[in-house]
Amino acid sequence: GIQVEQSPPDLILQEGANSTLRCNFSDSVNNLQWFHQNPWGQLINLFYIPSGTKQNGRLSATTVATERYSLLYISSSQTTDSGVYFCAALRGATNKLIFGTGTLLAVQP
Amino acid sequence: GAGVSQTPSNKVTEKGKYVELRCDPISGHTALYWYRQSLGQGPEFLIYFQGTGAADDSGLPNDRFFAVRPEGSVSTLKIQRTERGDSAVYLCASSFDRGSEQYFGPGTRLTVT
């Protein structure tokens, strides 16, 4: 099955800094989602981005489907951005999301 | 509007007992998914329903796990003869239709003692 890898595994930022999180997937995908899992465990939808670029406030994401990777950009980070960021890929008719191992982000004041 | 809801939020049970976990999807969503998340890992797929039928149950770990969605809305995940290794957060997600964006509930934290 498809493999999804994320980097870096851990990241510590000072408030106000920018960061880029990467997601590599081993095969073509029909769907790519980015989530933020907050400290209470809730998965919050960030982007549904099988290809192209999208922006939402301080966050943006780019998926290059032909090269099998996606990037999540966080600008002017805030302490509330802390948590785990997951990307998840869906391929073919399976309809199941295959999650990466996540990036644990800590934003310090 | 209302998101995906799950009950209970926490469940503690003894080894060998039977448990039921409930999921209420977003109204109008035809697809419903169950995932399981162990500590420090990403969620792992268990089962997918399209309408009332289980279209893909390849992620269920063994025959102690079963799920139903009798009226195409609420779903119940049932675990028989629970084992300590079943302890995890069980997440439910729904989407408008097959392959569209999935939205997750807050999860049920199951602890088997």
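For the structure itself, consult the block above.
Residues numbered from 1 in each chain as written. Chains lettered and ligands numbered in written order. Predicted model: local features only at pLDDT ≥ 70, side-chain atom pairs only at ≥ 80, totals over all residues. Heavy atoms only, no water.

Taken residue by residue, the interface counts 17 residues in chain A and 20 residues in chain B. Here chain A is connected to chain B by seven residue pairs in polar contact (both at pLDDT 80 or more). When contributions to the side of chain A that touches chain B are tallied by element, the ones reaching two or more residues are strand 4 (31-37), strand 5 (43-48) and strand 9 (83-90) of chain A. Of all the elements, strand 4 of chain A adds the most residues to the side of chain A that touches chain B, at four residues. (Contact = heavy atoms within 4.5 Å. Polar contact = N/O pair within 3.5 Å; in protein donor to acceptor, adjacent residues only side chain to side chain. Helix = DSSP H or I, 4+ residues; strand = E, 2+ residues; numbered from the N terminus.)

Right, let's talk about the side chain of Thr82 of chain B for a bit. Residues and elements named next belong to chain B. Along the chain, Thr82 turns up in the loop between strand 8 (75-79) and strand 9 (88-95). Here Glu14 takes part through its backbone oxygen, which lies 3.2 Å from a polar atom of the side chain of Thr82. For Thr82, the contacting residues outside a window of four places in its chain are Thr13, Glu14, Lys15, Gly16, Lys17, Val19, Arg64 and Val112.

The subject of this paragraph is the side chain of Gln102 of chain B. By secondary structure assignment, the location of Gln102 of chain B is in the loop between strand 9 and strand 10 (103-104). Taking the relative accessible area as the measure of exposure, Gln102 of chain B reaches 0% and is therefore buried. In terms of polar contacts, Gln102 of chain B uses its side chain to reach the side chain of Tyr35 of chain B, at 2.8 Å. Those residues in contact with Gln102 of chain B that sit more than four places away from it in its chain are Gln33, Phe35, Asn45, Leu90, Asn95 and Leu97 of chain A together with Tyr33, Tyr35, Ala93, Ser94 and Ser95 of chain B. (Buried < 20%, exposed > 50% of the residue type's maximum accessible area, 1.4 Å probe, protein only.)

Moving on: the packing of aromatic side chains. In total, this model carries nine aromatic pairs over all chains according to the counting rule given. Seen in terms of ring centroids, Tyr35 of chain B and Phe104 of chain B are 5.3 Å apart; in terms of plane orientation they differ by 45°. Their pairing is tilted. Separated by 69 residues along the polypeptide, Tyr35 of chain B in strand 4 (residues 31-37) and Phe104 of chain B in strand 10 bring together distant segments of the chain. A residue is classified by how much of its surface remains accessible, and Tyr35 of chain B, at 0% relative accessible area, is buried. We classify Phe104 of chain B as buried; its relative accessible area is 6%. Taken together, the ring pairs connect Phe35, Phe86 and Phe99 of chain A together with Tyr33, Tyr35, Phe45, Tyr48 and Phe104 of chain B into an aromatic cluster. In this arrangement the basic side chain of Arg22 of chain A is found over the ring face of Tyr69 of chain A, its NZ or CZ atom lying 4.2 Å from the centre. (Phe/Tyr/Trp six-rings, centres within 6.5 Å; stacked < 30°, edge-to-face > 60°. Lys NZ or Arg CZ within 6 Å of the ring centre and 35° of its normal.)

So, about the sheet that holds strand 1 (residues 5-7) of chain B. Residues and elements named next belong to chain B. Strand order across the open sheet formed by four strands is 1-3-8-7, with antiparallel pairing between neighbours. Single-partner strands in this sheet number two, and they are strand 1 and strand 7 (65-68). This sheet shows a mean twist of 15° between the axes of neighbouring strands, independent of strand direction. Pairing between strand 3 (residues 19-24) and strand 8: five bridges, direction antiparallel. The residue of strand 8 that forms the bridge with Leu21 is Leu77. (Pairing = 2+ DSSP bridges. Axes fitted to C-alpha atoms, helices over the stretch in contact; angles between N-to-C directions.)

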